[in-house]
Structures are given as C-alpha cells and as structure tokens.
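Residues per chain, in single letters:
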Amino acid sequence: GSTAQELQITTDAGQSFKILESSSDTITLQSADGNITLTSSGQGDIVLDPTTGVIGLKGTVTIYTGNKITSSDGNAIQFGNGIAITGSIVATGTALVSG
C-alpha cells in the first residue's frame, strides 16, 4: 500500500521480505538526502540500530585506501576493552600512554 509520504510493504506474521539478486549486480538503496535506515528486531551479520546508534559487525571491517575513522567533533575516539595490533603503528602527533 502507499500513502502520500511512503510506499509500504507489509508481511503477515512468520513471513519475511527479501530483495533477491540472482547475479552479481548491486542492490542500491538511495534517498535524496543520503539517509537510509535499516531496522530489524532480529540479529544479523550487520546490525544498524537507529534507536541506539549501535552498529554491530560480525566480520572484518575494511577501510578503503585514503579514508579514516574520525570522530564528528574532532576529539579522540575511545575503544573499549583493548586493542591488539598486527603490523606497524605510524603515529602523527603526540603519543600518550597511561597505565
């Protein structure tokens, strides 16, 4: 069904909704302002939860060449628990170590 603002695809209890691509083509979700929200009440390999802001990843994360992980306000990013590094560390700026 549809309203003036949205197209609604509704399933009955126990049914799921799938977009199946039988080849190696790309499935693109696009909006005019660039915001796309995916919501699920179950668990998946990638979980994007707009209600909590949590992004859950159950696999390796790749950052493409030339890109960075940065905070929106320019402050340090805090990692919980610990960080294990395989390979080299290149630091620009001041390295602060606390025990």
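Remember, it's a predicted structure, so these values are computed and weren't measured experimentally.

Engineer: Can you tell me about the overall build of the protein chain, naming the residues and giving the values?
Structural biologist: A tally of regular secondary structure across the protein chain gives zero helices and two strands. Looking at the protein chain as a whole, 0% of its 99 residues are labelled buried. Within the protein chain, counting contacts between residues at least 6 apart in sequence, those at least 24 apart form 0% of the total. A total accessible area of about 10000 Å² is found for the protein chain, and carbon and sulfur atoms account for 50% of it.

Engineer: Please set out a nonpolar patch on the surface residue by residue, giving values where relevant.
Structural biologist: Residues I46, L48, I55, L57, V61, I63, I69, I77, F79, I83, I85 and I89 make up a contiguous nonpolar surface patch of roughly 1200 Å² in combined accessible area. When contributions to the nonpolar patch are tallied by element, the ones reaching two or more residues are β1 (46–49) and β2 (54–57). Judged by relative accessible area, which is 41%, I63 ranks as partly exposed.

Parameters and conventions
- Residues numbered from 1 in each chain as written.
- Predicted model: local features only at pLDDT ≥ 70, side-chain atom pairs only at ≥ 80, totals over all residues.
- Heavy atoms only, no water.
- Helix = DSSP H or I, 4+ residues; strand = E, 2+ residues; numbered from the N terminus.
- Buried < 20%, exposed > 50% of the residue type's maximum accessible area, 1.4 Å probe, protein only.
- Contact = heavy atoms within 4.5 Å.
- Areas by Shrake-Rupley, 256 points an atom, 1.4 Å probe, with all protein chains shown as cover.
- Patch = residues over 30% accessible without salt bridge, like charges linked within 9 Å, V, L, I, M, F, W, Y side chains within 5 Å.
- Salt bridge = Lys/Arg side-chain N within 4 Å of Asp/Glu carboxyl O.

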